[in-house]
Amino acid sequence: MKPFQNKLYHKKLIKNILDNIKEDDYFYNKKYNWEEWVIMRVDVNNAISKLDNIDTSNYNPEVLDIILNILKEY
């Protein structure tokens, strides 16, 4: 598996992180690149903290777009 190294975010990856954001085991038990998964989780959490009243368990495509735009600013 190739390393992430450049952390190119896209909607599918953000959706995957949001679906599992509250499960520590999902990120720490990765065989490959677990450190980068944890960093991406923190990045997504930081992006969410910039938004008002976003429920990570119930989000829509517009929210994914907003989060993606915030992450591209990093």
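Here the structure is a predicted model, which is why all the values come from computation and not from measurement. (Residues numbered from 1 in each chain as written. Predicted model: local features only at pLDDT ≥ 70, side-chain atom pairs only at ≥ 80, totals over all residues. Heavy atoms only, no water.)

Q: Quick rundown of the packing of helix α1 (residues 11-20) against helix α3 (residues 34-49)? Include the residues and the values.
A: The N-to-C vectors of α1 and α3 enclose an angle of 90 degrees; their axes lie 10 Å apart at closest approach. As summarised for this structure, α1 and α3 are arranged roughly perpendicular, according to the angle between their axes. Contacts between α1 and α3 involve L13, N16, I17 and L18 from the former and W37, M40, R41, V44 and I48 from the latter. The class makeup of the residues in the contact of α1 with α3 is seven nonpolar, one polar and one charged. (Axes fitted to C-alpha atoms, helices over the stretch in contact; angles between N-to-C directions. Helix = DSSP H or I, 4+ residues; strand = E, 2+ residues; numbered from the N terminus. Parallel < 35°, antiparallel > 145°, perpendicular 65-115°, else oblique. Contact = heavy atoms within 4.5 Å. Nonpolar A, V, L, I, M, F, W, Y, C, P; charged D, E, K, R; others polar.)

Q: With reference to specific residues and values, describe the side chain of N20.
A: With respect to the element layout, N20 can be found in helix α1. Take N20: its relative accessible area is 13%, and that puts it in the buried class. Setting aside residues up to four positions removed in sequence, N20 forms contacts with Y26 and F27. (Buried < 20%, exposed > 50% of the residue type's maximum accessible area, 1.4 Å probe, protein only.)

Q: Tell me about the nonpolar core, and please be specific about residues and values.
A: Ranked by internal contacts, the top residues of the largest apolar core, which has 21 residues, are Y9, I14, I17, L18, V44, I67 and L71. Contributing elements (two or more residues each) for this core: α1, α3 and α4 (61-73). Discounting residues that sit within four places of it in the chain, L18 has contacts with V44, I48, T56, Y59, L64 and I67. (Core = buried A, V, L, I, M, F, W, Y, C linked by side-chain atoms within 4.5 Å.)

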